[in-house]
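Fold and geometry: a report
Take a look at the letters that make up each chain.
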Amino acid sequence: TREKEEAERARPATTTDGVHIEVAANVNRPDQVPVALSEGAEGVGLMRTEFLFLETGATPSEDEQHAIYRGMIDALGDRPLIIRALDIGGDKQVAHLHLPREENPFLGVRGARLLLRRQDLLIPQLRAIYRAAAEGGNVSIMFPMVTSVGEIIRLREICEEVRAAVSGPVLPIGIMIEVPAAAIQADSLAAHCDFFSIGTNDLTQYTLAIDRQNPELAAEADSLHPAVLRLIAQTVKGAKAHGRWVGVCGGIAGDALGAALLAGLGVSELSMTPRDIPAVKAKLRGVAFSALASLAEKALDAATAAEVRALDLP
Ligand code: PEP
Ligand code: MG
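In the nomenclature of an unreviewed UniProt entry, the protein chain corresponds to phosphoenolpyruvate--protein phosphotransferase from the organism Acidocella aminolytica 101 = DSM 11237.

Below, the structure written as structure tokens:
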């Protein structure tokens, strides 16, 4: 029956030897939350707020944003909600912001770089988030495209100023790891972050120097390339040295082999398109963490993505 199926989906993804991997959804709007929960999501690991700007064709006001974040919190209850600050630039261009045209938008003023230059966008967003969180919920803030320690130090200072101004609660602050420099410096960044979420779509693009939208190179832009996996392993190591947790919210988190490998590398949260959740949870429930860890070891030693993909899933 449908009830039985939903109860099965709601069961946590705990490996046969007792390691729980949190499975969350990538969701942008409150009305998408019930669907994600019925697929078995334990929370929202990535809310891409740029869609608020892209879909409406206008810059949403602080109050409009507050209402949407409240809607997300109300739909989720106490379940975690990670709100990612505006990630504009690169493939996400917002016409009505009239930003300067760039020769190489993927290497330009995007993500955190834009937020630090356009505090007229950042501050109302942070005010809306802290005001919404003051009314309850389990909210974290995440910054996209962070490349350097200086950026996160400055972003944290701005968060604290806004929090104090609206008398908001202290919220966990994390960053996306989606630039090779950030993965390589994960240990230094972890000192200033409460958590990391690896954006494997961009991390793959920047590691392999392949435009994520180029159809000609789509088959080669494989997030299971050993070079990408080694950066993920380095990210986990840097985070663990500071007692921080690491998630993945790029597309590979929703792939059965990808999810298994990521868990084996020490990633403890996977956030994905809701429809991928049941299969990923079922996969993780059927295996031992120790087997995933040895699978991950083999993948790190592989020479090519094809070799990784040929590994037998336990
Ligand atoms: C990523 O880069 O993997 C990611 C999750 O962010 P986005 O796809 O929104 O760039
Ligand atoms: Mg990204």
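**Some points on the site of ligand 1**
Taken together, R48, D87, E178, G199, T200, N201, D202, C249 and G250 make up the full set of residues near ligand 1. Here the shell around ligand 1 gets 3 residues from one element, more than from any other, and that element is helix α10 (residues 200–208). Here the residues of the shell around ligand 1 are counted per class, giving 1 nonpolar, 4 polar and 4 charged.

**Notes on the pairing of strand β3 (residues 44–48)**
For a regular strand, side-chain orientation follows a simple rule: the groups alternate between the two sheet faces. Counted residue by residue, β3 has 4 buried out of 5 residues, so it is predominantly covered. As judged from the 2 bridges shared by strand β2 (residues 20–26) and β3, these two strands associate in the parallel manner. Counted as the bridge partner of A25 is V44 from β3. Looking at chain direction, β3 and strand β4 (residues 80–84) are connected through 3 bridges and run parallel. Across the sheet, the residue bridging to V44 is L81, located in β4.

**Details of unusual backbone geometry**
Look at S167: it is not a glycine, yet its phi comes out positive at around 55 degrees. On the secondary structure map, S167 appears in the loop between α7 (149–166) and β6 (173–177). For S167, a count of 9 C-beta atoms within 10 Å gives the class exposed.

**Focus on the confidence of the model for the protein chain**
For the protein chain, mean pLDDT is 96; residues scoring 70 or higher make up 100% of the total. Here the complex is predicted with pTM 0.97, and the ipTM for its interfaces comes to 0.99.

**A look at the nonpolar core**
Side chains that are nonpolar tend, in soluble globular proteins, to be buried together. In terms of nonpolar packing, the biggest core is built from 91 residues, with V44, I129, I175, L262 and L270 touching the most fellow members. Sequence-distant contacts of V44, that is, excluding residues within four places in its chain, are made with A24, A25, V27, M72, L76, L81 and I82.

**Quick look at the packing of helix α12 (residues 256–264) against helix α13 (residues 277–285)**
Orientation of α12 relative to α13, taken along the N-to-C sense of each, is 50 degrees, at an axis distance of 9 Å. Judged by the angle between their axes, α12 and α13 are oblique. In this structure, the crossing between α12 and α13 has a hand that is right-handed. For the pair formed by α12 and α13, the contact residues are A256, A259, A260 and A263 on the first element and A279, V280, K283 and L284 on the second. Class assignment for the residues of the contact of α12 with α13 results in 7 nonpolar, no polar and 1 charged.

**Here's the deal with helix α4 (residues 62–76)**
Relative to the 21 Å expected for 15 residues at 1.5 Å per residue, α4 spans 21 Å between its end C-alpha atoms, a close match to the ideal helical length. Three or more residues of α4 are buried, namely Q65, H66, Y69, M72, I73 and L76. Each buried residue of α4 sits inside an arc of 125 degrees when the element is viewed along its axis, so together they form one side. Buried residues in α4 make contact with α2 (33–38), β3, α3 (50–56), β4, α6 (119–134) and β5 (138–143). A positive backbone phi angle near 65 degrees is found at G77, which sits one or two residues after α4.

The rules behind the values
Residues numbered from 1 in each chain as written. Chains lettered and ligands numbered in written order. Predicted model: local features only at pLDDT ≥ 70, side-chain atom pairs only at ≥ 80, totals over all residues. Near = placed C-beta within 6 Å. Helix = DSSP H or I, 4+ residues; strand = E, 2+ residues; numbered from the N terminus. Nonpolar A, V, L, I, M, F, W, Y, C, P; charged D, E, K, R; others polar. Buried ≥ 20, exposed ≤ 12 C-beta atoms within 10 Å, placed from the backbone. Pairing = 2+ DSSP bridges. pLDDT = per-residue confidence, 0-100. Core = buried A, V, L, I, M, F, W, Y, C linked by C-beta atoms within 7 Å. Contact = placed C-beta atoms within 7 Å. Axes fitted to C-alpha atoms, helices over the stretch in contact; angles between N-to-C directions. Parallel < 35°, antiparallel > 145°, perpendicular 65-115°, else oblique. Left-handed = near helix turned anticlockwise from the far one by under 90°. Expected span 1.5 Å × (residues − 1). Arc of directions from axis to C-beta.

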